[in-house]
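So you can see what is in the structure, the chains are spelled out below.
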Amino acid sequence: MEQTRFLTVIGLWAAGLGAAAQFGKLSVSFSLLADHYGSGGAALGFAVSLVGFVGILFGVTAGLLVARVGYRRALIAALGFGALCSAYQAMLPPLPLFLASRAADGASHLAIVVAAPTLIAQLSAPHHRGLTLSLWSTFFGVAFAVLVWGGLPLARAWGTGALYAAHGAYMAAMALLVAVMLPRDVI
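Described in the following lines is the structure provided in the data block.

The next thing to look at is the overall build of the chain. Helix and strand content of the chain: 8 helices and 0 strands. Helices (α) and strands (β) of the chain occur, in sequence order from the N terminus, as α-α-α-α-α-α-α-α. Counting only C-alpha atoms, the chain reaches 55 × 35 × 25 Å along its principal axes. Per-residue burial over the chain gives 47% buried out of 187 residues. Looking at the chain as shown, the accessible area adds up to about 8,900 Å², and 71% of this sits on carbon and sulfur atoms. Side chains of the chain give 9 positive and 4 negative charges; the mean places of these two sets differ by 4 Å.

On to the packing of aromatic side chains, then. Two numbers describe a pair of aromatic rings. These are the distance of the centres and the angle of the planes. Scanning the model with the defined rule gives 7 aromatic pairs in all. Between the aromatic rings of phenylalanine 140 and phenylalanine 144, the centroid separation amounts to 6.1 Å while the plane-to-plane angle is 25 degrees, which identifies the pairing as stacked. One end of the pair is phenylalanine 140 and the other is phenylalanine 144, both in helix H7 (residues 139-158) and 4 residues apart, which spans about a single turn. Each member of the aromatic cluster is reached from another via a ring pair, and the members are Phe23, Trp136, Phe139, Phe140 and Phe144. Positioned above the aromatic ring of tyrosine 164 is the side chain of lysine 25, whose terminal nitrogen or guanidinium carbon lies 5.6 Å from the ring centre.

What follows deals with the nonpolar core. A general feature of soluble globular proteins is that nonpolar side chains tend to end up buried together. Within the largest apolar cluster, 34 residues are counted, with the highest numbers of intra-cluster contacts made by Leu12, Val66, Leu75, Leu79, Ile112 and Val178. If you list the elements that add at least two residues to this core, you get helix H1 (6-28), helix H3 (41-69), helix H4 (71-90), helix H5 (95-122), H7 and helix H8 (160-181). In terms of nonpolar packing, the next biggest core, distinct from the first, is built from 16 residues, Tyr37, Leu44, Ala47 and Tyr164 among them.

A few words on the pattern of salt bridges. Throughout the structure, instances matching the rule amount to 2 salt bridges. Between arginine 102 and aspartate 105 there is a salt bridge, with the nearest N and O atoms lying 3.1 Å from each other. Of this pair, arginine 102 and aspartate 105 both sit in helix H5, 3 residues apart, which is roughly one turn of the helix. Comparing arginine 102 with aspartate 105 shows no difference in burial state: the two are buried. Here the salt bridges share partners, and the residues they tie into one network are Lys25, Arg102 and Asp105.

Quick look at the layout of surface pockets now. Estimated volume of the largest pocket: approximately 320 Å³. As for the largest pocket, its lining consists of 16 residues, and the residues nearest its centre are Leu65, Val66, Ala107, Ser108 and Ala111. Mapped by element, the contributors of at least two residues to the lining of the largest pocket are H3, H4 and H5. Element by element, the count of residues in the lining of the largest pocket is highest for H3, at 7 residues.

Let us now look at H4. The end-to-end C-alpha separation of H4 is 28 Å, in line with the 28 Å expected for 20 residues at 1.5 Å each. Those residues of H4 that fall on the buried side of the exposure criterion are Tyr71, Arg72, Ala74, Leu75, Ile76, Ala78, Leu79, Gly82, Ala83, Cys85, Ser86 and Gln89. Immediately beyond the C-terminal end of H4, within one or two residues, lies leucine 92, with a positive phi of roughly 50 degrees.

The rules we used
- Residues numbered from 1 in each chain as written.
- Predicted model: local features only at pLDDT ≥ 70, side-chain atom pairs only at ≥ 80, totals over all residues.
- Heavy atoms only, no water.
- Helix = DSSP H or I, 4+ residues; strand = E, 2+ residues; numbered from the N terminus.
- Buried < 20%, exposed > 50% of the residue type's maximum accessible area, 1.4 Å probe, protein only.
- Areas by Shrake-Rupley, 256 points an atom, 1.4 Å probe, with all protein chains shown as cover.
- Lys, Arg positive; Asp, Glu negative; His and termini not counted.
- Charge placed at Lys NZ, Arg CZ, Asp CG, Glu CD.
- Phe/Tyr/Trp six-rings, centres within 6.5 Å; stacked < 30°, edge-to-face > 60°.
- Lys NZ or Arg CZ within 6 Å of the ring centre and 35° of its normal.
- Core = buried A, V, L, I, M, F, W, Y, C linked by side-chain atoms within 4.5 Å.
- Salt bridge = Lys/Arg side-chain N within 4 Å of Asp/Glu carboxyl O.
- 1 Å grid on protein atoms, 1.4 Å probe; cavity = no way out; pocket = protein on both sides within 12 Å on 5 of 7 lines; lining within 4 Å.
- Points joined across faces, edges and corners; volume = space filled by probe spheres on them.
- Expected span 1.5 Å × (residues − 1).

Structural data, given as structure tokens:
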């Protein structure tokens, strides 16, 4: 690539914020969630880790699967699926179903973190690749900061369901943004 598509790179990074928020939404609202589920105990603690656990189990094969499906298509589908998971979690289903939805969130998260940085690298001129991938590396820290700043007050005021619904809306918006901004012939 001769020129870096900075706006599209920033859009992909913004989509990555949604992926990081799949971890962060539970981290910042954990005590509120514990109040809702009561005696969830260790199972509720597992809800935080389930997203990462899916990555540990399927991380190696995820790259192959995303490459086969296509990076653009996989990213848009993963964002959409993540939006559906968050919308379901916003209803605060019974704990076993909530945990199952967290595992599904993990699949969505994994596809996003495989596809988005690959696409960023492809959209970057060689002399900008270090800059754009450094931007990508900030997605977890920035997402957690935003969630503490805005998500936690939202959850305290309106409940954890409101936070998860807001995350679902963000993920759906990112799926649309990526579908519009990202050219079909990147890789």
